[in-house]
There are 2 protein chains.
Amino acid sequence: MGEKNRYWVLARRPVGNDYSSALELVEEELPELRDGDVLIRNAYFSLDAGTRMWMSAREDSYSPPTPLGTPVIGMVLGEVVASRHPDFRTGDLARAYGQWSDYSVSRPEETYVERVSWQLDDLRQHLAVFGPNGWTAYLGVLEYGNTKPGETFVVSAAAGVTGALAGQVAKQLGCRVIGITGSTAKGDWITKELGFDAAINYKDDKVAERLRELCPDGIDVYFDNVGGPILDASLENMALFGRIAVCGLLLNYDQEGPIPGPYKFDQVLMKRLSITGFFSPDFYHRGPDVNRHMRPWYEAGKLKMNFAVTQGVENTLDAYRRLFTGDKVGKSLVQVAEL
Amino acid sequence: MGEKNRYWVLARRPVGNDYSSALELVEEELPELRDGDVLIRNAYFSLDAGTRMWMSAREDSYSPPTPLGTPVIGMVLGEVVASRHPDFRTGDLARAYGQWSDYSVSRPEETYVERVSWQLDDLRQHLAVFGPNGWTAYLGVLEYGNTKPGETFVVSAAAGVTGALAGQVAKQLGCRVIGITGSTAKGDWITKELGFDAAINYKDDKVAERLRELCPDGIDVYFDNVGGPILDASLENMALFGRIAVCGLLLNYDQEGPIPGPYKFDQVLMKRLSITGFFSPDFYHRGPDVNRHMRPWYEAGKLKMNFAVTQGVENTLDAYRRLFTGDKVGKSLVQVAEL
């Protein structure tokens, strides 16, 4: 093709939140497509906390770690600019596992590539409300958490994309919804903009105490994105027969070596709790159906999601770092082209 | 009545496995019955690991600890010898929450008391196969563990009553069943007498390694009675979408202070596991129905349970200690009268 492509390669395993020593931006010509390849000009790629895990050498993750020297993988949204796969044509809008790059070469027979509609008021919502985060929120609340109308629902990393959507889904069920976040700004966003009933700032508040005050009858469903001490604070405050939907264990992703499990694990037995882990690729095939259910809520303004957009592939690493440390609210995307 | 009754009182909180410094045998005359009381002459009372938890001062248990100075509570089987409750008559056979004693005074409006049949080849099975242990095994396997025919099923404390019955129930479903026990004698019992496919001795074997060898495709269902390092060894070896039915956390019952949860807790997320705690009083009302399902297996000799019977209320404490340390197989009972 002769076209230049820049992409991030995992050169070394990152330490903590330092990505600039670990990832390198490589520029090279796009390869010739093979049969079965689809070439997507990335408009956006998504920055997700889970990617941090694959950067580590952990062998006990969902799937093997990203091999050193290979491109960092991420969900992309972009236009198909060349295709040697019969189901994809130039001009299609595609969401796919691609690379943190200008262009993604993806193989639909081997990895996730899906055509999505050009008919959406904000196409970026294909990477938020109507993408894996939205499906995770919806199914995490309704199926894995088995949340019932009127229950008390608590979510951690509540200003994260999945957390914020999960809280809004629970609100649509008529639940009392409490979000745990790491700043006042995030707490304000979820309560004032998204309609959560209350926010807890885990950096300033004693989480277990605040949960006890806010949930005097116990937590029916805890939607966990973080694990660690916040999971313990929730375990301590679960209602009998409560459910914990484990969507993420953010606090563990950059840890090496043995990590003690929740100190209040006994509560599983004492309160007859259920804990269920889930992972969005298991239900990507259900995305279109879930989207049909979420569409009316979205159109009524009940499923909101902002975007924190960074321009240019070269600015990826700082944006990724801020995913873990910053005060951004909304979905973090890197924009590399117009749609 | 003028009749003497001896019963064990919790005088102090026990330390470790030392009960003789903590419990005292009191002898006094039976009190006059009040309206609503049923007087049972205990034939047997049951020694259960869970009782240890109530002896501790733990406030985060299923229910508050046994108050100091009050009788130790246990499941009893005996004949009703006096009743001031309309549903119970002299000569009934009753299973009830009673006391570790010669006689139990129980109030059916306030606690569990149930008439059971005199028609059973071994009446002691009312405290084993056809009692709470059996129901826990059956529902733990089928409902909480959601075990399917042909799956790989692992149970800890497999020579304990519930564990041994759970393994036999899983065998009836056509599962491959592996039991974890603490001695060769126990391992021999479950494999040679009860039909388990394999036994692991956690004192001699490296549990995680042996599980890896015995379950090359992973564990579909782990029925946990013990928690601690054996739970971790199992978590490490679960199959994708595996289920852990938490029936007991024996290793924690005599602990005070914070106990780290499973170090491999992350596997809940990585392998999309479910963990569910359960507790038999939640389903006592389902006992008769469960017994109907288990009866044909029992009659075909497929649900076996031995008894380790200690004679005399005065010999209770040593028998209780051996529940945790000994090499007994089968249900531990104290016999205080004939039936």
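The structure displayed is predicted, hence computed values, not measured ones.

Quick notes on the rules
- Residues numbered from 1 in each chain as written.
- Chains lettered and ligands numbered in written order.
- Predicted model: local features only at pLDDT ≥ 70, side-chain atom pairs only at ≥ 80, totals over all residues.
- Heavy atoms only, no water.
- Core = buried A, V, L, I, M, F, W, Y, C linked by side-chain atoms within 4.5 Å.
- Buried < 20%, exposed > 50% of the residue type's maximum accessible area, 1.4 Å probe, protein only.
- Contact = heavy atoms within 4.5 Å.
- Axes fitted to C-alpha atoms, helices over the stretch in contact; angles between N-to-C directions.
- Helix = DSSP H or I, 4+ residues; strand = E, 2+ residues; numbered from the N terminus.
- Parallel < 35°, antiparallel > 145°, perpendicular 65-115°, else oblique.
- Left-handed = near helix turned anticlockwise from the far one by under 90°.
- Nonpolar A, V, L, I, M, F, W, Y, C, P; charged D, E, K, R; others polar.
- Least-squares fit on C-alpha atoms with pLDDT ≥ 70 in both.
- Phe/Tyr/Trp six-rings, centres within 6.5 Å; stacked < 30°, edge-to-face > 60°.
- Lys NZ or Arg CZ within 6 Å of the ring centre and 35° of its normal.
- Domains from an automatic or database assignment.
- Salt bridge = Lys/Arg side-chain N within 4 Å of Asp/Glu carboxyl O.
- Polar contact = N/O pair within 3.5 Å; in protein donor to acceptor, adjacent residues only side chain to side chain.

## Some words on the nonpolar core
The biggest cluster of nonpolar side chains holds 62 residues, and the ones touching the most others in it are Tyr-222 of chain A together with Tyr-222 of chain B. Setting aside its immediate chain neighbours within four residues, Tyr-222 of chain A contacts Val-154, Val-155, Ser-156, Ile-230, Leu-231, Ser-234, Met-238, Arg-243, Ile-244 and Ala-245 of chain A. Core analysis: the next-biggest nonpolar cluster, separate from the first, contains 50 residues, Met-75, Leu-165, Cys-175 and Tyr-298 of chain A among them.

## Some remarks on the packing of helix α2 (residues 132-144) of chain B against helix α3 (residues 161-172) of chain B
Geometry of a packed helix pair, given as the angle between the helix axes and the separation of the axes. Residue and element names in this part refer to chain B. At a minimum axis separation of 8 Å, α2 and α3 run at an interaxial angle of 45°. Accordingly, the angle class assigned to the pair α2 and α3 is oblique. Helix-helix and strand crossings are classified by hand; for α2 and α3 the assignment is right-handed. Contacts from Asn-133, Gly-134, Thr-136, Ala-137, Tyr-138, Val-141 and Leu-142 of α2 reach α3 at Val-161, Thr-162, Leu-165, Ala-166, Val-169 and Ala-170. When the residues that make up the contact of α2 with α3 are grouped by side-chain class, the tally is nine nonpolar, four polar and no charged.

## Overview of the relation of the copies chain B and chain A
Between the two chain copies there is a screw-like relation: a rotation about an axis and a shift along it. Overlay of chain B on chain A (RMSD 0.0 Å): rotation 180°, translation along the axis 0.0 Å. On this basis, the relationship between the two copies can be described by a two-fold rotation axis. Distance from the rotation axis, computed per C-alpha, reaches its smallest value in chain B at Gly-261 of chain B: 1.9 Å. A shared binding surface is used by both copies, with 100% of the interface residues of chain B retained as interface residues in chain A.

## Let's talk about the packing of aromatic side chains
Residues and elements named next belong to chain A. With the rule as written, the count across this model stands at 30 aromatic pairs over all chains. Seen from their ring centres, Tyr-138 and Trp-297 are 6.1 Å apart, and the 40° between their planes marks the pair as tilted. Residue Tyr-138 is located in helix α2 (residues 132-144), and its partner Trp-297 is located in helix α8 (residues 287-299); the two are separated by 159 residues in the primary sequence. Given a relative accessible area of 11%, Tyr-138 falls into the buried group. Feature note: the residues Tyr-19, Phe-45, Trp-100, Tyr-320 and Phe-324 constitute an aromatic cluster, connected by ring pairs. Stacked on the ring of Phe-130, the Lys or Arg Arg-295 has its end atom at 5.1 Å from the ring centre.

## Digging into the domain arrangement of chain A
By convention, interface size is frequently given as the accessible area that disappears when the constituent parts associate. Residues and elements named next belong to chain A. Partitioning chain A into domains gives domain 1 (4-128 + 306-335) and domain 2 (132-281). Computed over C-alpha atoms, the centres of domain 1 and domain 2 are 28 Å apart. Scanning the region where domain 1 abuts domain 2 turns up zero salt bridges. Across the domain 1-domain 2 interface, the total number found is two residue pairs in polar contact (both at pLDDT 80 or more). Counting only elements with at least two residues in the side of domain 1 that touches domain 2, the list comes to α1 (51-55) and β5 (93-99). When residues of the side of domain 1 that touches domain 2 are assigned to their parent elements, the largest contribution, three residues, is made by α1. Residues belonging to the side of domain 1 that touches domain 2 are distributed by class as follows: 11 nonpolar, six polar and eight charged.

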